[in-house]
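What follows is each chain in one-letter form.
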Amino acid sequence: MNSVYASLAAWLLAGAVLSGCVHSSPSPTQEEALAEIARWEDRRSLADGRLVERALRGSTPVRIRAFLALARLQAPSTLDAVEVGLKDGEPSVKQAAAFAAGVLALSWEPLTPEEKSRLAQALLASEYRMHQEAGGEARVLEAEPGAYLTLIDSLGRLGTPEAVARLVERLSLGPVLAGRAALALGVAGRRGASLAEVPLARVEGLLQAGLPEATRYGGAYLLANLKRTDALGPLRACLGDGAPDVRAVCAKGLGDVGAPEDAAVVGARLADEVPRVAAEAARTLAKLAARCSGDCTALDALAGLAPGAGRVAQGDSAAGHAWLALAQQGLPEAGRRVLVSLRRALQEAAPGAVSEGAAGDLMNLDCRLAAAMDRQHGRLDEVLRCGGGRVAEASRLALGLREVAQSSAAGGAGEGVRYLKHADARVRLAALAAVAARPVPEAAGPVRELLAGEDAVVAASAAGAAAELKDLEALPGVRALAERVPREPDLAEPVAAGLVALAGRDAEGVLRGWLGHPHANVRRVAAEALTRLTGQPVRAPWVEVPEEAHRPEPAPEGTSLIFRTHKGDITVALDAEAPLTSGNLVALARQGYFRGLTFHRVVPDFVAQGGDPRGDGEGGPGYSIRCEITHRRYARGVIGMALSGKDTGGSQFFFTHSPQPHLDGRYTAFGEVTRGLEVVDLLLEGDTLIDVEVSP
């Protein structure tokens, strides 16, 4: 430790972080120091180096809390402190530094190659020392389990070739550590790291019956993210695992590398008793169908979903997840007959539905499948008459237009133009997506009109569409929107796209002005736009959040939220580690904010998302809150804060259907479902929140 603090002293004197400042005021008490750190974190302030100083000197609780603050700030300038913290002799402090390193690796504004290399070397050195000093898995898990496992996680988040190589070595450890290393490798692969050198035999060894479920899941998650054809055999085998999460991730993996002949083994999982497994099977069968030529077993298997309409009609809406997954994935033209037959099954089941809610679920699924049919042809047709009168026109149009925007069909260009003046903002927004995907000259005039509209979200989207249209006449409108960005930060991304496309280098002055904006996401957008514009890497300066920025009151410890829906109640225990995020939802709930809002986004075996007053995924409370990344991992039933960039949280939240390791350290996880997880499984798109209540 003496050498560590000697290095620290030299570093501090050199002014690398403290900028030459000398602090002569009396040392604060531990309670005062913890309160200071919380204030600095909320202000996104490095406090002239004092936050780093707290991370490296003082009591253990203060150092741990300071490293958590550094993790949430994601400031590359604190890399020196993280390197020192990874050498700390106190395991809990080392763990805090390792956590900060992993979150820094996921920074919304990416690290430079040099910074990644430094971080990798620091993590690798720390992991190697712990591994060598412990002398075996059992001893590591006895001495410093939290620190070591956090180091493993952080290596996966970083995902450099050196980090991947080290994690591959650790696959030969005992089941607990090897399973965690496999999970970390899966995360690295999902983030784009090459996993070509991962030995398949070691991964297969982690899937053996009798090993802990966490180990088998880690092996399956890595197997699915290898995306290698030599993994087909073990992926087929693990479809029969006793754990639903393992079966689901193996079914998902077959969707990436499977062949049409895998349809039989995947199709058997459509009857799985766990809805999220059946949903992954349906999604994978849809992918396999896209690779068919001639007779297609995958399509035959999907036709077997039809009896499930009766289960939905009887109130088991979780049975609809496989239908929803299929509709979201879509089918090739050859699968149109399957979509037609499934829609017929839904329509025939509707008269016998046990409730209005069940009938509504059937018809919402009908429109989902209708939209998938319209995607095949690239134009609105089936959604114009789907839903049996139970689905509002605006919902049908918005759904169909978004699907058309994803179409690869030759026809349908200009399909969105006629809806750019629709009365409903959700339809206008979807129409803009369709126009941006397939620009046609006749869209230019209506898009220009939307640039000056009252709906800021639609206006900003129009700027993005104008960029795709290359409509130079829209530039004055885009510039006018750019003047609003300092007051309305959510406009930044599409407006920046419009400026870069239409103004070129003349946009540089405006974008450089945004680099000083107090909102981190505006600075990120500006830096990325300038990098594209100039061809040179641009990084935004560090700017503190002003005192007057919105700051919710922390939620009292022990607070729960009860999400009341027509399908039942969901009780969520909020985390003390995320007091402001939790407090934000508590405050909104007490205002009745969530009353009548919908779950606008449900992706089976992933998330159910709600809290948007617009209903299109673009709304919020009119302010944003800072991220509070926590140590909670995204297991099944965790509640997280939806984001569009750093510190952009507001009112949109999501529940996880299953483990989502790639979200760890990226999105604020601030609680878990303690009652009503089966209700989360029942949710489908469009389900309504009756209210959200605070307890106690």
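Here the structure is shown first, and the text comes after it.
Summary of the structure given here. Being a predicted model, the structure only gives us computed values, none of them experimental. (Residues numbered from 1 in each chain as written. Predicted model: local features only at pLDDT ≥ 70, side-chain atom pairs only at ≥ 80, totals over all residues. Heavy atoms only, no water.)

It is worth spelling out helix α30 (residues 520–534) at this point. Along an α-helix, residues three or four apart share an orientation, since each turn contains 3.6 residues. Between its first and last C-alpha, α30 extends 21 Å over 15 residues, near the 21 Å set by a 1.5 Å rise per residue. Within α30, 12 of the 15 residues are buried, which leaves it mostly tucked inside the rest of the structure. When α30 is considered as a whole, its buried residues turn out to be Ala 520, Asn 521, Val 522, Arg 523, Arg 524, Val 525, Ala 526, Ala 527, Ala 529, Leu 530, Leu 533 and Thr 534. For α30, the elements touching its buried residues are α28 (492–503) and α29 (508–514). A positive backbone phi angle near 75° is found at Gly 535, which sits one or two residues after α30. (Helix = DSSP H or I, 4+ residues; strand = E, 2+ residues; numbered from the N terminus. Expected span 1.5 Å × (residues − 1). Buried < 20%, exposed > 50% of the residue type's maximum accessible area, 1.4 Å probe, protein only. Contact = heavy atoms within 4.5 Å.)

Val 495, Trp 514 and Phe 563 are the most contacted members of the largest nonpolar core, which has 231 residues in total. Of the residues forming this core, the biggest block, 11 residues, is contributed by helix α22 (residues 356–377). With sequence-adjacent residues up to four places away left out, Phe 563 is seen in contact with Gly 568, Asp 569, Ile 570, Val 572, Leu 585, Ile 639, Phe 653, Phe 655, Leu 689, Asp 691 and Val 692. (Core = buried A, V, L, I, M, F, W, Y, C linked by side-chain atoms within 4.5 Å.)

With that out of the way, let us pick up the pairing of strand β6 (residues 653–656). The side chains of a regular strand alternate, residue by residue, between the two faces of the sheet. Here β6 shows two buried faces, one formed by Phe 653 and Phe 655 and the other by Phe 654 and Thr 656. Pairing of strand β4 (residues 607–610) with β6, which is carried by 4 bridges, proceeds in the antiparallel orientation. What sits directly across from Gly 610, in β6, is Phe 653. When strand β5 (residues 638–641) meets β6, the two strands line up antiparallel, connected through 3 bridges. When the bridges of β6 are listed, Ile 639 appears paired with Phe 655. (Pairing = 2+ DSSP bridges.)

Right, let's get into the packing of aromatic side chains. Tallied over the full model, the rule gives 11 aromatic pairs. Ring geometry for Tyr 593 versus Phe 594: centroids 5.3 Å apart, planes at 80°, classification edge-to-face. Neither Tyr 593 nor Phe 594 differs from the other in exposure class; each is buried. Here Arg 666 stacks its cationic end above the ring of Trp 108, 3.6 Å away from the centre of that ring. (Phe/Tyr/Trp six-rings, centres within 6.5 Å; stacked < 30°, edge-to-face > 60°. Lys NZ or Arg CZ within 6 Å of the ring centre and 35° of its normal.)

Time to look at unusual backbone geometry. Cis peptide bonds are those with omega within 30 degrees of zero, and the linkage from Ser 695 to Pro 696 qualifies with 0°. Within the element layout of this structure, Pro 696 appears in the segment after β8 (689–695). Positive phi, close to 55°, is recorded for Gln 74, a residue that is not glycine. A relative accessible area of 8% places Gln 74 in the buried class.

Reading across the sheet, the 8 strands line up as β3-β4-β6-β5-β7-β2-β1-β8 and stay open at both edges, with antiparallel pairing between neighbours. The sheet terminates laterally at β3 (601–603) and β8, the two strands that pair on one side only. Between one strand axis and the next, the sheet turns through 25° on average, direction left out of account. (Axes fitted to C-alpha atoms, helices over the stretch in contact; angles between N-to-C directions.)

Residue placement: Gln 591 occurs in the loop between α31 (579–590) and β3. Using a relative accessible area of 58% as the deciding quantity, one classes Gln 591 as exposed.

With that settled, consider the side chain of Arg 44. By the element assignment, Arg 44 lies in the loop between α2 (30–43) and α3 (50–56). In contact with Arg 44, other than residues within four places in its own chain, are Arg 72, Leu 73, Trp 542, Val 543, Glu 544, Val 545, Arg 626, Cys 627 and Asp 647.

The subject of this paragraph is the pattern of salt bridges. Applying the stated criterion to the full structure yields 59 salt bridges. The partner of Arg 118 in a salt bridge is Glu 83, with the nearest N and O atoms 2.6 Å apart. Pair noted here: Arg 118 is in helix α7 (residues 113–134) and Glu 83 is in helix α5 (residues 79–85), with a separation of 35 residues, a long-range link. Judged by relative accessible area, Arg 118 falls into the partly exposed class, the value being 33%. A single network of salt bridges, built from pairs that share partners, joins Arg 336, Arg 343, Asp 366, Asp 381, Glu 382 and Arg 385. (Salt bridge = Lys/Arg side-chain N within 4 Å of Asp/Glu carboxyl O.)

Going through the model one piece at a time under the given rule, you end up with 5 cavities of 30 Å³ or more. The volume enclosed by the largest cavity comes to roughly 90 Å³. Taken together, Asp 153, Gly 156, Arg 157, Arg 180, Leu 183, Ala 184, Val 187, Arg 633, Pro 661, His 662 and Asp 664 make up the full set of residues lining the largest cavity. Sorting the residues of the lining of the largest cavity by element identifies α9 (145–158) and α11 (175–190) as the ones contributing at least two each. Per-element tally for the lining of the largest cavity: the top contributor is α11, with 4 residues. For the lining of the largest cavity, the residue count by class is 4 nonpolar, 2 polar and 5 charged. (1 Å grid on protein atoms, 1.4 Å probe; cavity = no way out; pocket = protein on both sides within 12 Å on 5 of 7 lines; lining within 4 Å. Points joined across faces, edges and corners; volume = space filled by probe spheres on them. Nonpolar A, V, L, I, M, F, W, Y, C, P; charged D, E, K, R; others polar.)

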